[in-house]
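The chain contents come next:
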Amino acid sequence: MELGVIGLGRMGGNIVRRLHRAGHHCVVYDANPKAVADLAAIGATPATSLADLAGKLKQSTRAAWVMLPAGKVTEDAIAELGGHFGPGDILIDGGNSNFKDDVRRAKELAAKGVRYLDVGTSGGVWGLERGFCLMIGGDKAAFEYLDPIFAALAPGIGDIPRTLDRGEGHDPRAEQGYLHCGPSGAGHFVKMIHNGIEYGMMQAMAEGFDILQGRGSAKLPEDQRYDFNMADIAELWRRGSVIVSWLLDLSAQALTRDGRLETFSGHVEDSGEGRWTIDTAVEQATPAEVLAASLFVRFRSRQDHTFAEKMLSAMRLGFGGHVEAPKK
């Protein structure tokens, strides 16, 4: 199939590369000419503008995937592409937009006959090799049409054991790592909650390592002090413990390279989806104590830093390539 891709950063570029490996063709555009040239070198068709990209899509049903930061840049790109696309064409927002913006955009585009999909995309900088987990909302027929694209991007069932008693009544594509979650906004809503949970899991793990780190304190009785090798503890837990996870894998990697995490300041940013998750919980009157606390810790991390916050920063670098903000 053919897909236009706008935004060729850490994830957008790898989406193009993964699709290229699967035999799909991409028309690509980015404000950075080098990013376009790098992908043109592997066979993608370069575009010099959004209008140029729309014109170079040759399938009768044109489809374009916008992979840009949430906010004005995404709004502008979707609005412009909507002007170039016609009835039956498909626009995708694969970034981290607020689900309420998706509902509005879908209605605006539907008035022109353009179909809209919101695709919550998880996989970070590792998506090229591991695949991307795709949480998809919007027009069901558009989703079905682009199924080969989503299947190529998703990780597949791999070596993950199948869930017991999972049979009829469940979409088999969930096992492959992609799913149509519901109408417009549903994809980004599921991704938003995914990221909120991620905050809580990361915080719990970081605090646990912080307690281990603090057990060597001179303030404790001498016979109750322990000088743990943090990398070895993380590695131990990776083998058969109930907290086995990708976040633990990333923690073990970070601690093996830098056991005291001295290369990290502990300044931890938040992507915005953690805030939206808490806003949504308040809107619904749904208790979310752990997720709220994990968000507030990130705010505090910008004032003073603990080992736990360095651990959070190390995990964010590992899965998303998020580099700490420079010290002021």
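What counts and what doesn't
Residues numbered from 1 in each chain as written. Predicted model: local features only at pLDDT ≥ 70, side-chain atom pairs only at ≥ 80, totals over all residues. Heavy atoms only, no water. Axes fitted to C-alpha atoms, helices over the stretch in contact; angles between N-to-C directions. Helix = DSSP H or I, 4+ residues; strand = E, 2+ residues; numbered from the N terminus. Parallel < 35°, antiparallel > 145°, perpendicular 65-115°, else oblique. Contact = heavy atoms within 4.5 Å. Nonpolar A, V, L, I, M, F, W, Y, C, P; charged D, E, K, R; others polar. Buried < 20%, exposed > 50% of the residue type's maximum accessible area, 1.4 Å probe, protein only. Pairing = 2+ DSSP bridges. Right-handed = clockwise from strand over helix to strand, strands pointing away.

### Some remarks on the packing of helix α9 (residues 186-214) against helix α13 (residues 289-300)
Angle between the axes and distance between the axes: these two values describe a pair of packed helices. Orientation of α9 relative to α13, taken along the N-to-C sense of each, is 75°, at an axis distance of 8 Å. Taken together, the axes of α9 and α13 lie roughly perpendicular to each other. Along its contact with α9, which presents G196, I197, Y199, G200, M202 and Q203, the element α13 presents V290, L291, S294, L295, V297 and R298. Among the residues forming the contact of α9 with α13, the class breakdown is seven nonpolar, four polar and one charged.

### Details of the pairing of strand β4 (residues 63-66)
Neither face of β4 is left uncovered, since the one carrying A63 and W65 and the one carrying A64 and V66 both have all their residues buried. In this sheet, β4 lies alongside strand β1 (residues 2-6) in parallel orientation, the contact comprising three bridges. Looking across to β4, one finds that I6 is bridged to V66. Taken together, the four bridges between β4 and strand β5 (residues 90-93) define a ladder with parallel strand orientation. Across the sheet, A63 pairs through a bridge with I90, a residue of β5. The parallel pair β4 and β5, bridged by helix α4 (residues 72-84), forms a crossover whose chirality is right-handed.

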